[in-house]
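# Residue-level structure breakdown
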Amino acid sequence: MCNSKARGRITVGLTLLLGSLLAAGCSLPGFSPPPQLFTLTPKNTFVEGLPVVSDQILIETPVAAAGLDTGRIALSRSSTTLDYFAGVSWTDRAPAMVQTLMVESFENSSRVVSVGRDTIGLRADYVLKSELREFQAEYAGAGDGGPPQIHVRINAKLVAMPRRTIEAGKTFEALERAGSPAFQDIIAAYDEALGKVLRRLVEWSLTEAARIDRQKQGQDAGGGPTPSFLKRPG
């Protein structure tokens, strides 16, 4: 039988061996190495002449189907299948990651007084609701071993508070072919496609919020449309 000192030396030896294997990226039977994590970047360039919006806009986490509501990086080989790349993952669930990038993109525009996540509990003039409908690498039509096309599609609705009325809605979509089948190029195409969608979404949101504000100010000042029963016949 091993005495306590011998057992201690065995435990220390196994701990050192396990640490060495993990540091070298090796896996033990029954253990899987952690996935390599990837993230995307917010948009920081926008069209000139965007209006300055003196409102508070809160961004909700996008709704997504279960297949996309995950940290795994999705791929599709046909219009009816969804799979995932092995050994890699987003740094957060895809909808949560996209929400963060939306907030940062609005901040980078420098054209809105205040923007944040809806969970921070601030009073909002507008809430941006959205649905992440496409967020995958599509291999259909890519040919044998060819690079996939990244498909990003987000439907957005601008909701006025506290009335909770949908004032505007639009769908934003981008398709971007990866430069090669290499995974780094696939991630670069994800970043490019999402960046195009984020830029258009931010520009549209600010433009619509400014339009709605002007309309409300005109109505408050008595400049709204004249009711039909008060119009004189031509």
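These numbers come from a predicted model, not from an experiment.

### Some details on the pattern of salt bridges
Within the structure shown, the criterion is met by 10 salt bridges. A salt bridge links K196 to E176, with the shortest nitrogen-to-oxygen separation between them at 2.8 Å. Taken together, the positions of K196 in helix 3 (residues 183–220) and E176 in strand 10 (residues 165–177) put the pair 20 residues apart, joining distant regions of the chain. Across the salt bridge formed by R211 and E208, the nearest N and O atoms sit 2.7 Å from each other. Pair noted here: R211 and E208 are both in helix 3, with a separation of 3 residues, about one helical turn. Since its relative accessible area comes to 31%, R211 is described here as partly exposed. Taking the relative accessible area as the measure of exposure, E208 reaches 16% and is therefore buried. Salt bridges here are not isolated pairs; linked through shared partners, they connect E134, R153 and E173.

### Concerning the packing of aromatic side chains
In the structure shown here, the tally under the stated rule is 7 aromatic pairs. Between the aromatic rings of F38 and F183, the centroid separation amounts to 5.1 Å while the plane-to-plane angle is 70°, which identifies the pairing as edge-to-face. Here F38, found in strand 1 (residues 36–38), pairs with F183, found in helix 3; they are 145 residues apart in sequence, far enough to count as distant. An aromatic cluster is present here, built from F38, F85, Y139 and F183 joined pairwise through their rings. Against the face of Y139 rests R77, its NZ or CZ located 4.9 Å from the ring centre.

### Regarding the nonpolar core
With 56 residues, the main nonpolar core has L40, W90, F106, L128, F135, Y190 and L194 as its most contacted residues. A per-element tally of this core places helix 3 first, with 15 residues.

### Points about the pairing of strand 10
Pairing analysis gives 12 bridges linking strand 9 (residues 149–160) to strand 10, with the strands arranged antiparallel. Considered in strand 10, the bridge of A160 is made with T165. In this antiparallel pair of consecutive strands, strand 9 and strand 10, the connection spans 4 residues, and R164 shows a positive phi of 60°.

### Here's the deal with the pairing of strand 8 (residues 126–138)
With 10 of its 13 residues buried, strand 8 lies for the most part within the structure. Relative to strand 8, strand 2 (residues 53–59) is paired through 3 bridges, and the arrangement is parallel. For I57, the partnering residue across the bridge sits in strand 8 and is Y126. When strand 3 (residues 63–64) meets strand 8, the two strands line up parallel, connected through 2 bridges. Of the residues in strand 8, the one forming a bridge with A64 is L132.

### A few points about the confidence of the model for the chain
When pLDDT is averaged across the chain, the result is 86; 80% of the residues are at 70 or more. Counted against residues more than four places away or in other chains, residues 10–25, with its pLDDT under 50, gives 4 contacts. Note on residues 226–234: pLDDT is under 50 here. Beyond four places in sequence and across chains, it has 1 contact.

Cut-offs used in this document
- Residues numbered from 1 in each chain as written.
- Predicted model: local features only at pLDDT ≥ 70, side-chain atom pairs only at ≥ 80, totals over all residues.
- Heavy atoms only, no water.
- Salt bridge = Lys/Arg side-chain N within 4 Å of Asp/Glu carboxyl O.
- Helix = DSSP H or I, 4+ residues; strand = E, 2+ residues; numbered from the N terminus.
- Buried < 20%, exposed > 50% of the residue type's maximum accessible area, 1.4 Å probe, protein only.
- Phe/Tyr/Trp six-rings, centres within 6.5 Å; stacked < 30°, edge-to-face > 60°.
- Lys NZ or Arg CZ within 6 Å of the ring centre and 35° of its normal.
- Core = buried A, V, L, I, M, F, W, Y, C linked by side-chain atoms within 4.5 Å.
- Pairing = 2+ DSSP bridges.
- pLDDT = per-residue confidence, 0-100.
- Contact = heavy atoms within 4.5 Å.

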